[in-house]
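# Analysis of the macromolecular model
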Amino acid sequence: MPLTLYAHPFSSYCQKVLTALWENETPFAYRHLEEPGAGEELARLWPIAKFPVLVDGDRTVAETSIIIEYLDLHHPGPVGFVPTDPAAALEVRFLDRFFDQYVMNAMQAAVAEALREEPDRLHEAKASAGRSLEIAYGWLERRLSGRQWAAGDGFTLADCAAAPSLFYADWVHPIADAYPSLRAYRTRLLRRPSFARAVEEGRPYRRYFPLGAPDRD
Ligand SMILES: N[C@@H](CCC(=O)N[C@@H](CS)C(=O)NCC(=O)O)C(=O)O
């Protein structure tokens, strides 16, 4: 039975998993969340109703980091997303957590406020996201220096998390010239074919970005 992914092309967490699937050319059926009934199916499968969700036969797999580790275990391809060496795996998992918690979620907090359409709160939310992202960018600049990918030479789970989080975070709070390693890393991610495809497939939905998508990338 093929894998099915419940996803939306403009969603940052969906792009994280799509990048992993396309990286290894893993076959799957795409259940687009704008298709009739898809949202209801998702809520039945996973009452938390956050997306993406992967279905593999009678197994439902949620949470992007777990989905990617699940793919590594049960549907492996040429790219292994978590190294077999435990110490190397720890660095990958740590960076995955860092990108989700301190970049993706900071970016999403400002986006969520923008969707509420309350100008005063939006100003504070953007300022707060900016402060958090500035700290994250500074830390990443030092951590990524000299590395091609987040955890070293190989493309991993951490890069799947980094790609959409840095992509959208830069729209909310641009990565300044003071962070050349981080800016170069974001450019490398945008050139990686698996993530470039995710960006292309999300492009028709840019009008959904409540802070206004910039005319670049
Ligand atoms: N920790 C979750 C986060 C997933 C998430 O927040 N997805 C967003 C879409 S990018 C979502 O479901 N938003 C709708 C909602 O929160 O109700 C994961 O890694 O899968």
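Just so you know, the residues in each chain are numbered from 1, in the order the chain's sequence is written. In keeping with the model being predicted, local features are shown solely for residues with a pLDDT of at least 70 and side-chain atom pairs are shown and tallied solely at 80 or more, while totals for entire chains, interfaces and linings include all residues. Side-chain measures were taken over the full set of non-hydrogen atoms in the model, leaving aside hydrogen atoms and water.

### Re the layout of surface pockets
Regions of empty space are outlined by a rolling probe, equal in size to a water molecule, passed over the atoms. Short version of the rule: Lining residues are defined by having an atom within 4 Å of a point belonging to a cavity or pocket. Those points lie on a 1 Å grid over the protein atoms alone, cavities being sets where a 1.4 Å probe fits but cannot get out and pockets being open sets with protein on both sides within 12 Å along at least five of seven lines. Grid points are joined across faces, edges and corners, and a volume is the space filled by probe spheres set on the points. Comment: elements are numbered from the N terminus, with helices defined as DSSP H or I runs of at least four residues and strands as E runs of at least two. Each residue receives one of three labels: charged for Asp, Glu, Lys and Arg, nonpolar for Ala, Val, Leu, Ile, Met, Phe, Trp, Tyr, Cys and Pro, and polar for the others, Gly being one of them. Where a domain begins and ends is set by an automatic assignment or by a domain database.
Looking at the largest pocket, its volume works out to about 830 Å³. Along the wall of the largest pocket there are 29 residues; nearest its centre are Ser-11, Ser-12, Tyr-13, Phe-51 and Gln-108. Of all the secondary-structure elements, those providing two or more residues to the lining of the largest pocket are helix H1 (12-23), helix H3 (64-74) and helix H4 (86-116). Looking at the lining of the largest pocket residue by residue, the classes come out as 17 nonpolar, eight polar and four charged. A domain-level breakdown of the lining of the largest pocket finds at least three residues from each of domain 1 (3-74) and domain 2 (86-205).

### Considerations on the environment of Ala-127
As for its placement among the helices and strands, Ala-127 is situated in helix H5 (residues 119-144). For the pair Ala-127 and Ala-110, spaced 17 residues apart in sequence, the C-alpha separation works out to 8.6 Å.

### Overview of the domain arrangement of the protein chain
Rule in force here: Contacts are assigned to residue pairs with any non-hydrogen atoms lying within 4.5 Å of each other. Put simply, buried area is how much 1.4 Å-probe accessible surface two parts lose in total, over both of them, once they are put together. Salt bridge criterion: a side-chain nitrogen from Lys or Arg within 4 Å of a carboxyl oxygen from Asp or Glu. Here a polar contact is recorded for every N or O atom pair within 3.5 Å, except that within protein the pair must consist of a potential hydrogen donor and a potential acceptor, and residues adjacent in sequence are included only if both atoms are side-chain atoms.
Here the protein chain is partitioned into domain 1 (3-74) and domain 2 (86-205). The C-alpha-based centres of domain 1 and domain 2 are spaced at 21 Å. At the junction of the two partners, domain 1 supplies 18 residues and domain 2 supplies 24 residues. Interface area, domain 1 with domain 2, both sides summed: about 1900 Å², of which 59% is carbon and sulfur. Note that Asp-96 and Lys-16 form a salt bridge whose closest N and O atoms lie 2.9 Å from each other. Here domain 1 is connected to domain 2 by twelve residue pairs in polar contact (both at pLDDT 80 or more). Breaking the side of domain 1 that touches domain 2 down by element, the ones donating at least two residues are H1, strand E2 (28-32) and H3. With eight residues, H1 is the largest single contributor of residues to the side of domain 1 that touches domain 2.

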